There are 2 protein chains.
Amino acid sequence: MGIIRKTQSIELLLSEFSNSTGAISAIELIKRLSAKVNKTTVYRVLDKLEDDGVVHSFLDKSGIKWYAKCNSCTHAQHFDSHPHFQCLNCGKVDCLEIEVALPNIPNRQVEVSQILIQGNCESCSK
Amino acid sequence: MGIIRKTQSIELLLSEFSNSTGAISAIELIKRLSAKVNKTTVYRVLDKLEDDGVVHSFLDKSGIKWYAKCNSCTHAQHFDSHPHFQCLNCGKVDCLEIEVALPNIPNRQVEVSQILIQGNCESCSK
DNA sequence: TTACTTTTGCAACTTAGTTGCGTTAACAAA
DNA sequence: TTTGTTAACGCAACTAAGTTGCAAAAGTAA
């Protein structure tokens, strides 16, 4: 569907993404904005932002949803196939700006792939 | 903790895995065994089987848990880093017996990685 | 300002998985 | 074979993330 009106909730959500480098979980966003935006609205706005190619989403290992700004996604094409890195120590999640070459898989047509890497991030592995 | 007693529930769960090639979702197992085993027990047995290296688990794109027999896992070492393939048409999920080489990631220590590939399986892409 | 329609908040719901606790059933020892 | 121990089980109640329906509020074009 996409965004039609620039509302307050949308501005608030977008500014959360502007003020952050890594990914943010839906739950974290709901928590941060709880005073100003209802959780249903947060989920709905995130859906639309993803639909418009403004953000992309993925699940971490415990099944909760994370969102991050897209660098080069549009509504038509989602370049969200980069790996995501989650620090097991501090919990921070980032998009890795690298390409992972998947080997050809016999007799199967690949549509989407999702790579989640867990370990220790830069600050936590010192 | 691991399995100490060979109970009926464990036998039932194990036979489900023996009679199947691909992965099976926890929900599917609960459904199949609903007449004989309580869902709490299914979850608990799966935990233990995973603990013992008999099966390994992963999440699909909608966040639900899948289990598959391990070919070469032990309690000490889980070789569950192969990719998983989920057919978007028939829903079937398989372990792919291939290695995916992850590029080195600067300044980060990789502990675990999880690769989920979605597309059309052999039977569905004809 | 009006009229229209999107967006929002609320409450209630859904679904997967978890927890606490009293009961049942493996199984080793007698 | 029986008994005692305790792992494993079933049940009900709970948790947490996310969804739905609907009436009210807020954008926006005219």
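Along each chain, residues carry numbers from 1 onward, in the same order as the chain's sequence is written. Whichever chain is written first becomes A and whichever ligand is written first becomes 1, with later ones labelled in order. Given that this is a predicted model, residues contribute local features only at a pLDDT of at least 70 and side-chain atom pairs are listed and counted only at 80 or more, while totals for whole chains, interfaces and linings are drawn from all residues. To obtain the side-chain values, all non-hydrogen atoms of the structure were used and water was disregarded.

J.: Help me understand the sheet that holds strand β2 (residues 55-59) of chain A, please; the structure alone is not making it clear to me.
T.: Sheet strands associate in pairs through backbone hydrogen bonding, adopting either a parallel or an antiparallel arrangement. Residues and elements named next belong to chain A. A pair of strands is considered paired only if DSSP assigns at least 2 bridges between the two. Only DSSP runs of H or I reaching four residues or more are called helices, and only runs of E reaching two or more are called strands; each is numbered from the N terminus. An order of β1-β3-β2 is seen for the 3 strands of this open sheet, with the pairing classed as antiparallel. Because the sheet does not close on itself, it has two edges, and the strands there are β1 (24-25) and β2. Direction of pairing for β2 relative to strand β3 (residues 65-69): antiparallel, over a ladder of 5 bridges. Residue pairing in the sheet places H56 in a bridge with A68 of β3. Two residues form a contact once any of their heavy atoms are found within 4.5 Å. In this analysis an axis means a line fitted to C-alpha atoms, helices contributing only their contacting stretch, and an angle means the value between N-to-C directions, from 0 to 180 degrees. Those strands touched by helix α1 (residues 8-18) are β1, β2 and β3, and its axis lies near 80° from that of β3. On top of the sheet, helix α3 (residues 39-51) reaches β2 and β3; it is set at about 115° to β2, its chief contact.

J.: What exactly am I supposed to notice about the packing of aromatic side chains here?
T.: Within a pair of aromatic rings, the relevant descriptors are the distance that separates the centres and the angle that separates the planes. Whether two aromatic rings pair depends on their centres lying within 6.5 Å, for rings of Phe, Tyr and Trp, where Trp uses its six-membered ring; planes under 30 degrees apart make the pair stacked, over 60 edge-to-face, and the rest tilted. Scanning the model with the defined rule gives 0 aromatic pairs over all chains in all. Only Lys NZ and Arg CZ are tested; either one counts as a charge over a ring when it is within 6 Å of the ring centre and within 35 degrees of the ring normal. Across the ring face of F85(B), the terminal group of R108(A) is positioned such that the distance to the ring centre comes to 5.1 Å.

J.: Whenever I open this one, the protein's contact with DNA strand D confuses me. Can you help?
T.: Neighbouring DNA strand D are 23 residues; Y43(A), T7(B), S9(B), T41(B) and K48(B) lie closest to it. For this purpose, a residue is taken to be near a molecule or strand whenever a single non-hydrogen atom of the residue falls within 4 Å of it. Close to the protein, within 4 Å, the atoms of DNA strand D are drawn from sugar and phosphate at a rate of 58%. The definition of a polar contact used here is a pair of N or O atoms within 3.5 Å, where within protein one atom must be able to donate a hydrogen and the other to accept one, and adjacent residues in sequence count solely through side-chain atom pairs. Here K48(B) contributes a side-chain N or O atom positioned 2.7 Å from a phosphate oxygen of DNA strand D. Counting residues per element, the ones that place at least two in the surface near DNA strand D are α2 (26-32) and α3 of chain A together with α3 (39-51) of chain B. With 5 residues, the top contributor of residues to the surface near DNA strand D is α3(B).

J.: Explain the protein's contact with DNA strand C here, please?
T.: Around DNA strand C sit 22 residues, and of these R5(A), T7(A), S9(A), T41(A) and K48(A) come closest. Of everything in DNA strand C that lies within 4 Å of the protein, sugar and phosphate atoms constitute 57%. One nitrogen or oxygen atom from the main chain of K36(A) is found 3.4 Å from a phosphate oxygen belonging to DNA strand C. One of the side-chain nitrogen or oxygen atoms of R5(B) is found 3.2 Å away from a base nitrogen of DNA strand C. Secondary-structure elements contributing two or more residues to the surface near DNA strand C are α3 of chain A together with α2 (26-32) and α3 of chain B. At 5 residues, the largest contribution of residues to the surface near DNA strand C is made by α3(A).

J.: Can you walk me through helix α1 (residues 8-18) of chain B in this structure?
T.: The periodicity of an α-helix, 3.6 residues per turn, causes residues three or four places apart in sequence to face the same way. All names here are of chain B. Buried residues of α1: S9, I10, L12, L13, E16 and F17, and no others. Buried residues in α1, looked at end-on, bunch into an arc of 165°, giving them a common side. In α1, the exposed residues that point more than 90 degrees away from the buried face are Q8 and S18. Where α1 is buried, its residues touch β1 (24-25), α2, α3, β2 (55-59) and β3 (65-69). Relative accessibility decides the category of a residue: with a 1.4 Å probe and only protein chains considered, values under 20% of the type maximum give buried, values over 50% give exposed, and everything between is partly exposed. Read the arc as the range of directions from the helix axis to the C-beta atoms.

J.: Would you mind going over the interface of chain B and chain A with me for this structure?
T.: Put simply, an interface is often sized by how much accessible area is lost when its parts join up. Contacts between chain B and chain A engage 33 residues on the former and 33 residues on the latter. Roughly 2,800 Å² of surface becomes buried between chain B and chain A when both sides are summed, with 60% attributable to carbon and sulfur atoms. The term buried area denotes the loss of accessible surface (1.4 Å probe radius) that occurs when two parts are joined, taken as the sum for both partners. When the buried surface of chain B facing chain A is broken down by residue, K61(B), R108(B) and Q114(B) rank first, second and third, together holding 21% of it. Any Lys or Arg side-chain nitrogen found within 4 Å of a carboxyl oxygen on Asp or Glu counts as a salt bridge. Scanning the region where chain B abuts chain A turns up 4 salt bridges. A salt bridge links R108(A) to D94(B), with the nearest nitrogen and oxygen atoms 3.4 Å apart. It is strand β6 (residues 109-120) of chain B that provides the largest number of residues to the side of chain B that touches chain A, a total of 12 residues. Of the residues that constitute the side of chain B that touches chain A, the class distribution is 16 nonpolar, 10 polar and 7 charged. Looking at chain direction, strand β6 (residues 109-120) of chain A and β6(B) are connected through 11 bridges and run antiparallel. The nonpolar class holds Ala, Val, Leu, Ile, Met, Phe, Trp, Tyr, Cys and Pro. Asp, Glu, Lys and Arg form the charged class, and all remaining residues, Gly among them, are polar.

J.: Quick question: what am I supposed to make of the nonpolar core here?
T.: A general trend in soluble globular proteins is that nonpolar side chains are found buried together. Joining through side-chain atoms within 4.5 Å is the link that ties buried Ala, Val, Leu, Ile, Met, Phe, Trp, Tyr and Cys residues into a set, and such a set is a nonpolar core. If you look at the biggest cluster of nonpolar residues, it comprises 17 residues, and the most contacted ones within it are I117(A) and I117(B). Broken down by secondary-structure element, the contributors of at least two residues to this core are β4 (84-87) and β6 of chain A together with β4 (84-87) and β6 of chain B. Sequence-distant contacts of I117(A), that is, excluding residues within four places in its chain, are made with P83(A), H84(A), F85(A), Q86(A), L96(A), L102(B), I105(B), V110(B), V112(B) and S113(B). A26(B), L29(B), I30(B) and V42(B) belong to the second largest nonpolar core, which has 16 residues in total.

As far as function goes, none of this settles anything; it's purely spatial.
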